[in-house]
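# Coordinates in review
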Amino acid sequence: MGEQQHVTFPPEVIDEYAALGVDLQALFSAGHLGTRMGVRIREASAERVVGTMPVEGNTQPYGLLHGGASAVLAETLGSVGSMLHGGSSKIAVGVDLNCTHHRGVRSGLVTGVATPVHRGRSTATYEIVITDEAGKRVCTARLTCLLRDVRPGDGEQVAG
């Protein structure tokens, strides 16, 4: 499923998931869609998730970064943060995504940084700021995830 990437996780998170036999790289990846789009998660904790995505291959007909591509990056990063906040007994399910597109980008790499707005028992909300290589804001997104209890069979989809 694409190239293997190395994500930096807090040691306590590594220990928690290793005890369950879950492959963190698979669980906290961009998934099949994100892999096809070149999304790479660079850093991951409940307090901050950072990821990148190339503009090339993710454009609309006018050659600009597609707004849906920004949404994929934003939802991926916010979901990873929500999962880390919820811990191994919860699964994060996106229930609301809002994206405001500020400027177009034609080339290079965009970087998204997700930080928590709210982290509760049943929901988590993250703000995701996507910038271009010059540090200019391209998109601001907000993702709210429902944190639901893990059910039997959920682990089969993410186990390594």
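Look up a bit, the structure's there.
Read on for an overview of the structure. Keep in mind the model is a prediction, meaning the values are calculated, not measured.

With that settled, the discussion passes to the pairing of strand β1 (residues 40–44). Inspection of the sheet shows β1 paired to strand β2 (residues 49–54) by four bridges, in the antiparallel sense. Directly across from R40, in β2, lies its bridge partner T52.

In an α-helix there are 3.6 residues to a turn, and that puts residues three or four apart on one side. If you check helix α4 (residues 67–86), its first and last C-alpha atoms are 28 Å apart, about what 20 residues at 1.5 Å a residue would give, namely 28 Å. Just downstream of α4 lies G87, where phi reads positive at about 80°.

When you tally the buried positions in β2, you get five out of six residues, the bulk of the element. Bridge count between β2 and strand β4 (residues 109–119): six bridges; the pairing is antiparallel. Pairing of P54 across the sheet is with L109, part of β4.

What counts and what doesn't
Residues numbered from 1 in each chain as written. Predicted model: local features only at pLDDT ≥ 70, side-chain atom pairs only at ≥ 80, totals over all residues. Heavy atoms only, no water. Pairing = 2+ DSSP bridges. Helix = DSSP H or I, 4+ residues; strand = E, 2+ residues; numbered from the N terminus. Expected span 1.5 Å × (residues − 1). Buried < 20%, exposed > 50% of the residue type's maximum accessible area, 1.4 Å probe, protein only.

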